[in-house]
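Topology and contacts: notes
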Amino acid sequence: ALDSESSRLRRETCDVRRECQSLQAAAEKHQEAAKSLEAELQKVSADKRKVDEKLAENVTQVRHLQESVAKLKQDLAASRGASEEQQAAIKQLQQDLDSESQRLKAELDHRAQTQKQLQ
């Protein structure tokens, strides 16, 4: 009876050793997987930081572009206003020139008439 108990205990001990080895192998695989996941997480975190930095740069560039566009719109509006003022001034000058031209023509015609009469 003692031999059979001893034999049973040896079998159970072997079974427990095999199970321990199996569990140890599984634990090692899980540790390797955890290390791999940790490395991947660090890589993703570094990539995320780079993306966040690039996003911040892009946001800054967009703000600068929006400010530039607003300034250009103001400049364009001012330019249009100045252009309209210049066109009005040019029209006035043309009208003044036409009036002066007509006055000079009338004066020349009058002098020509006067000279004909004197002859």
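Above this text you will find the structure in question.
Definitions and cut-offs
Residues numbered from 1 in each chain as written. Predicted model: local features only at pLDDT ≥ 70, side-chain atom pairs only at ≥ 80, totals over all residues. Heavy atoms only, no water. Helix = DSSP H or I, 4+ residues; strand = E, 2+ residues; numbered from the N terminus. Rg over C-alpha atoms; globule rule 2.2 N^0.38 Å. Buried < 20%, exposed > 50% of the residue type's maximum accessible area, 1.4 Å probe, protein only. Areas by Shrake-Rupley, 256 points an atom, 1.4 Å probe, with all protein chains shown as cover. Salt bridge = Lys/Arg side-chain N within 4 Å of Asp/Glu carboxyl O. Disulfide = S-S within 2.5 Å.

If you tally the helices and strands in the chain, you get 1 helix and 0 strands. What you see for the chain is a C-alpha radius of gyration of 50 Å, clearly larger than the 14 Å of a compact globule of 119 residues, by over 25%. Along the first, second and third principal axes, the C-alpha atoms of the chain reach 170 × 15 × 15 Å. Within the chain, the fraction of its 119 residues that count as buried is 0%. Counting every atom, the chain has about 11,300 Å² of accessible surface; 55% of that belongs to carbon and sulfur.

Our next topic: the pattern of salt bridges. Using the criterion set out here, one finds 10 salt bridges in the structure. Asp52 is paired through a salt bridge with Lys48; the nearest N and O atoms lie 2.8 Å apart. One end of the pair, Asp52, and the other, Lys48, are both in helix H1 (residues 2–118), 4 residues apart, so they sit about a helical turn from each other. On the accessibility criterion, Asp52 (37% relative accessible area) is partly exposed. For Glu57, the salt bridge goes to Lys54, with nearest N and O atoms at 3.8 Å.

What the rule picks out here adds up to 0 disulfides. Here Cys14 is not disulfide-linked; the sulfur of Cys20 is the nearest cysteine sulfur, at 12 Å. Owing to a relative accessible area of 34%, Cys14 belongs among the partly exposed residues under this scheme. Judged by relative accessible area, Cys20 falls into the partly exposed class, the value being 45%.

Let us now look at the environment of Glu107. By the secondary structure assignment, Glu107 is in helix H1. By relative accessible area, Glu107 is classed as partly exposed at 30%. Glu107 sits 28 residues away from Ser79 along the chain, and the two C-alpha atoms are 41 Å apart.

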